[in-house]
Every structure is written in structure tokens, then in C-alpha cells.
Amino acid sequence: MVEEKAEDAKSTEEWLKQAEELVPFATATVESVKSFRGRWKNISAKLEQLPSRLSDLASHPCFTKNSLCSEQLQAVVGSLQETVKLAADCTSQNYAGKLQMQSNLDALAAKLDLNLHDCGLLVKTGVLGEATLPLTFTRSASGARREAMRWNVRELLARLQIGHMESKHRALDALVELIAEDEKNILAVAGRSNVSALVQLLSASSPRIREKSATVICCLAEAESCEQLLVSEGALPPLVRLLESGSPLAKERATLSLQRLTASTETARSVAGHGGVPALVEICQTAPPSSVTQTAAAGALRNLAAVPEVRHSLAEEGIICIMINLLDTGGSDASKEFAADCLQHLTAGNEGLRRTVVSEGGIQHLLKYLDSALPYEPAVGALRNLTASVNGDALIALGILPRLVNVLKSGSLVSQQAAASTICRISTSAEVRKLVGESGCITLLVKMLEAKANAAQEMAAQALASLLQVSQNCREIRKEEQSIPNLVHLLDPLNQTTAKKYAIQALSSLATSKKCKKLMIACGARAYLKKLAELEVLGAKKLLERLERSKFRGLLFGRK
């Protein structure tokens, strides 16, 4: 006990002196051994490298201030003492058996390798650049406490790169605790070597180490600055393997990491290339409903579906049925939103996938989704895409119009644009246009013309231009006081909107009414149309001529 206390009380300089004294003694002892010459030659080569590594460590200006140096030197001394003992046993042939001694010598060589690696890495990590701070802090100086905590994270990250597995296990435990207190701690100090060490631990034999390293990487994945670092250091393959064979906690952390990382198109492609599609699909199907794991898997699959070349692989794994079922099950609100968005991506440009969605009842489930309090954008976007494969009459029979009206009333501007686009696409016949007009859409589309976003103005104008091909809708829009002023405003050349051609079409439909033409002129349409006609905007010249004739006839009538 007294001897142990004396060992613990040694300073870093004392450990260094003991190591430096042991190296030549151990080298000389090894050279005198006659048995197991091949193994001892290998050990001797490693001993020859130790002095330079010890010199590098000792020459660092903060050598005496960091506990890692002392710990590392203790490990070196332990290896050297074992070297002397095994050499003496071989010389005196004092060992149980040849195979046992061979095993012991192989283990010693591995320890010396680890010592050499750790001594070199300890200098390279930069962790010796500052003094090790105590693990306890006063609460009075929050800034100093925060910096001290970040230093602890630096040291713990360094410990992941040196020493034996049990040491790394303890470092991970402490790191997870610090991250639980404040995730920003690790983000402030994460570097390439630290990330590389964490990625390697994702494949450790211990399930607990895999869980904890996945927890830390999950934290890093939240930071945009760490995304490329994680990918370049090879995090994707072990994360995918954790989806397949990890513990429930490891699967959760790995799925969350992949959800965040696949927000990048390039990373999404890489995940698919590493077999991530079937693994994520399996997680989405088998994870408990509403669980974090299922929701994250749905989010990751949504990200993958945004990449056109990955969609075929997703379809082969049955993604369409899975997402449709997710819309209709007791999953979390977020998972349902991800499912709707996934279907929107899948139906964006592939007729075969659109038909599959329709045949599996996807339209009905998307309409039901619109009846919930969830964000409208993904479901309306998917329905808009499906109009390419289903005629307007069928969609109206399924009840799409009241849902679109509700979106135009209370949805976000993006969802309103998608609803207006859907109206354009389904309004392919006079009968459908009439039904759309009767649903109450016209008033809402007129109001949408006042939006600041050019895209919203354009979609509203395009929808109105289509609907006003029916005289009944023209009579309806005349009841809207701001309809003609809003449409004329879009003609102003100073207005950068791209909706001008649709505004001209809509106004042309209303130009059969003398009252409407008079209001257009009063709102300044003639001046705008003259400039647009000079720019050869489609329909501008013809509408201008109609207004000019109306103005001329009005003057003649006035003279009479």
C-alpha cells in the first residue's frame, strides 16, 4: 500500500527519469536473450524508437502541466518493466510453456506499439498546449467555468485516441455526461483527429462503447460545420451497420445522425451507396410507432427521396406503401409530415411511381392528412404531382376542392402556391373550372395576388386565367372589388413579377364587360400595356387594342 502511494505521488519528471533509465537497461537485457529471437528482435526495434518519442514529449513546454503526460509515462514504465521481467524469464527459462511465452511476447509487442503510438499522438493532438484544468469549478464565473469544461472535453477527446479500451470507455462516459450538460462543449473543440477516433469506436466490439460513441457523433451531426468532417472520416458505413445490428439506443443515435447528414444531397447519395436504403426502410417498419427512431428514419428516407437517382432503389424496397401506411398510423406528427414529403419527392417526375401511389390509395391518405392540423405543404405538393396521373373529375369526386379551399384560407404561402398550382392542373375542362369557381377559390386567389412573393402572384394569376375561361367565373370575380386593380398592378413594368402574361389572359377574359374595361383603364392598364406591347409580351398588344377601341368609342359617345 505504501509503495502504491509512493508511485502515485511521483511527478511527471520522475516518471520520465525512470523511463529513460529503464530503456537502455531493457535494451541490454533483451539483447542477451537467446530464445524466441524473432520476437525479441521485433521488441528490440520498438525499444530503439522510445528515446526519441520520450524526448519529443519532454520537450513540450507544457510537459509537466498535463496529467496525460504522467499517465502515458507510467504506461511506458510498465511496459519496460514487463520487458525486463520477460527477458529474465526467457534467459532462465522460467516460464510455464513455449506457447504461453510466445503469447506474452506478442502482447508485450502490442503494448510497446501502443506506447509509441500514444506518445506521438499526444504531442500531435495539441492537448498539451494548455494546462489541464481541475474537474470541479465554482459557479461564480460562468465564462471561466465554460472554458474549463471545454478544456475537459479536449482532454477526453484526446483520451479516445490513446491508451487501452477501458480507458477509452471511461473517457466516453465522462464525455457523454458533459455533452448532456451542454452540447456546445464538444462542438467548440471537435477536430479531425478527434472525429476519426470517435468514428473508429463505432465499430468497437463493446456494445456500450458503440452506443456512447454514436451518442457523441449524433451531437456532432447537428452542427453543419461537422458534417463534411464526419463524412470524410468514414462515419457513414459504421452508422449504417449500427442500423442493422446495433442495440436500440445505438440504432436511435445512428438514425438521428443519418437523418441530419442526409440533408446534403451528396451525403444522401453516399448513404444509399453504403446500403442505407434497406436498413432505413427496415427501421421505419420495425421501430415502435411514434418513437424517435421511427421518426428519424422517416426523415432520412425523405431526404433520400429528394435525390432522383435514389428513388428507384427506394421503390424497390417498398417505400411507397410504407409511407402511405405511416400517414394513416399512430406515428408521430413529424413522421407523418416526413412521409407526405417523401411521397411528394417520389411523385415529382416518375409516372410509374405516381401510378403506384394512386393504386395504393395514396390520394385518399393525403387528403385525410390535409384534414389534420399538420403543415399542408408536403401533402398539397404530392397531390399537385399526382394530378399528372389522375383527371380532375376523379380528384374532385374524392373531395380535393374543400381541402384546397382550406389551404388557400389558412395555409402558409408556400402551401397556397401549391394549392393554386393544383387548381391550374385539374382545371382542364369547363365543367371542372365551373366546380372550382363554385367552391369559393376565386376570392382567395384574388387575395393571393397581393402577396409579396413573385411565385405566389404568378400561381394565383395563372389559376385565375384558367378559371376565367368560364363565363360563370367571370361573373363571380366581378364581385371582388380588388380583382381588376390587383391584376392590373401585375402589368406594371416596374413590378418584377413573372405573372404578367397570366394577368393579361385573365384581364382579356374580363374585357368583354364594358364596366371591367373602364375599370382597367382607370387603373392605368393602357400605359402598362403599351410598354409591354413594345416588349412583345404575349397578348399585351391585343388587349391594348381592345381597351383603345373602348376608349375611342367612349369619346365618340361623349361628343354625341
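On a predicted model such as this, the values are computed, not experimentally measured, just so you know. (Residues numbered from 1 in each chain as written. Predicted model: local features only at pLDDT ≥ 70, side-chain atom pairs only at ≥ 80, totals over all residues. Heavy atoms only, no water.)

Thoughts on the overall build of the chain
Part 1 of the argument: A count of helices and strands for the chain gives 34 helices and 0 strands.
Part 2 of the argument: Long-range pairs, those at least 24 residues apart, make up 71% of the contacts in the chain with a sequence separation of at least 6.
Part 3 of the argument: By element, 51% of the accessible surface of the chain is carried by carbon and sulfur atoms, the whole surface being about 26200 Å². (Helix = DSSP H or I, 4+ residues; strand = E, 2+ residues; numbered from the N terminus. Contact = heavy atoms within 4.5 Å. Areas by Shrake-Rupley, 256 points an atom, 1.4 Å probe, with all protein chains shown as cover.)

With respect to the side chain of T267
Part 1 of the argument: Among the secondary structure elements, T267 is positioned in helix 14 (residues 265–273).
Part 2 of the argument: Excluding residues that lie within four positions of it along the chain, T267 makes contacts with E227, Q228, V231, L236, L261 and T262.

Observations regarding the packing of helix 25 (residues 413–426) against helix 28 (residues 454–467)
Part 1 of the argument: Across the interface, helix 25 lies against helix 28 with an axial gap of 9 Å and an inter-helix angle of 25°. Of the possible angle classes, the one that applies to helix 25 and helix 28 is roughly parallel. Pair helix 25 / helix 28 crosses with left-handed handedness. Listed contacts from helix 28 to L413, Q417, A420, S421, I423 and C424 of helix 25 are A455, A456, M459, A460, Q462, A463 and L467.
Part 2 of the argument: Each residue belonging to the contact of helix 25 with helix 28 can be placed in one class, and the counts come to 10 nonpolar, 3 polar and no charged. (Axes fitted to C-alpha atoms, helices over the stretch in contact; angles between N-to-C directions. Parallel < 35°, antiparallel > 145°, perpendicular 65-115°, else oblique. Left-handed = near helix turned anticlockwise from the far one by under 90°. Nonpolar A, V, L, I, M, F, W, Y, C, P; charged D, E, K, R; others polar.)

Section: the packing of helix 27 (residues 441–448) against helix 28
Part 1 of the argument: Viewed as axis vectors pointing N to C, helix 27 and helix 28 meet at an angle of 145°, and their least axial separation amounts to 8 Å. Judged by the twist between their axes, the crossing of helix 27 over helix 28 is left-handed. On helix 28, the residues that touch I442, L445, V446 and M448 of helix 27 are A456, Q457, M459, A460, A463, L464 and L467.
Part 2 of the argument: The residue makeup of the contact of helix 27 with helix 28, split by class, is 10 nonpolar, 1 polar and no charged.

Points about the nonpolar core
Part 1 of the argument: Judged by nonpolar contacts, the single largest core of 141 residues is most densely connected at L445 and M520.
Part 2 of the argument: Here this core takes 8 residues from helix 28, the largest share from any one element.
Part 3 of the argument: Counting 37 residues, the second largest nonpolar core, distinct from the first, contains L47, F63, C69 and L116. (Core = buried A, V, L, I, M, F, W, Y, C linked by side-chain atoms within 4.5 Å. Buried < 20%, exposed > 50% of the residue type's maximum accessible area, 1.4 Å probe, protein only.)

Let's talk about the confidence of the model for the chain
Part 1 of the argument: On average, residues of the chain score 87 in pLDDT, and 89% of them reach the 70 mark or higher.
Part 2 of the argument: Per-element mean pLDDT across the chain ranges from 50 in helix 1 (residues 2–8) up to 97 in helix 16 (residues 292–305).
Part 3 of the argument: Considering only residues more than four positions removed or in separate chains, one finds that residues 1–5, a stretch of pLDDT under 50, has 0 contacts.
Part 4 of the argument: Across residues 555–560, confidence stays below pLDDT 50; counting only partners more than four residues off in sequence or on other chains, it has 0 contacts. (pLDDT = per-residue confidence, 0-100.)

As for the packing of aromatic side chains
Part 1 of the argument: Taken as a whole, this structure holds 1 aromatic pair when the rule is applied.
Part 2 of the argument: Here the basic side chain of K10 rests over the ring of W15, its NZ or CZ set 4.5 Å away from the ring centre. (Phe/Tyr/Trp six-rings, centres within 6.5 Å; stacked < 30°, edge-to-face > 60°. Lys NZ or Arg CZ within 6 Å of the ring centre and 35° of its normal.)

Some remarks on the environment of A250
Part 1 of the argument: Tracing the sequence through the fold places A250 in helix 13 (residues 248–261).
Part 2 of the argument: Sequence separation between A250 and I209 is 41 residues; the distance between their C-alpha atoms is 9.6 Å.
Part 3 of the argument: Among all residues touching A250, those that are not within four sequence positions of it are E211 and L242.

Structural notes on helix 19 (residues 333–346)
Part 1 of the argument: Along its 14 residues, helix 19 runs 20 Å from first to last C-alpha, staying within 8% of the 20 Å computed at 1.5 Å per residue.
Part 2 of the argument: Within helix 19, 10 of the 14 residues are buried, leaving the element largely enclosed by the surrounding structure.
Part 3 of the argument: Those residues of helix 19 that sit buried are S335, K336, F338, A339, A340, D341, C342, L343, Q344 and L346. (Expected span 1.5 Å × (residues − 1).)

So, the pattern of salt bridges
As a working rule, side chains carrying opposite charge can pair if their charged atoms are close by.
Part 1 of the argument: Throughout the structure, instances matching the rule amount to 16 salt bridges.
Part 2 of the argument: Here E476 and K479 are joined by a salt bridge, their closest N and O atoms 3.5 Å apart.
Part 3 of the argument: One salt bridge connects R526 with E548, and the closest N-O pair in it is separated by 3.2 Å. Highlighted residues: R526 in helix 33 (residues 525–534) and E548 in helix 34 (residues 540–559), separated in sequence by 22 residues.
Part 4 of the argument: Residues joined in a network through salt bridges with shared partners are E266, R269 and E309. (Salt bridge = Lys/Arg side-chain N within 4 Å of Asp/Glu carboxyl O.)

With respect to the state of the cysteines
Part 1 of the argument: Taken as a whole, this structure holds 0 disulfides when the rule is applied.
Part 2 of the argument: We note that C474 lacks a disulfide partner, and the nearest cysteine sulfur, in C516, lies 8.2 Å from it. (Disulfide = S-S within 2.5 Å.)

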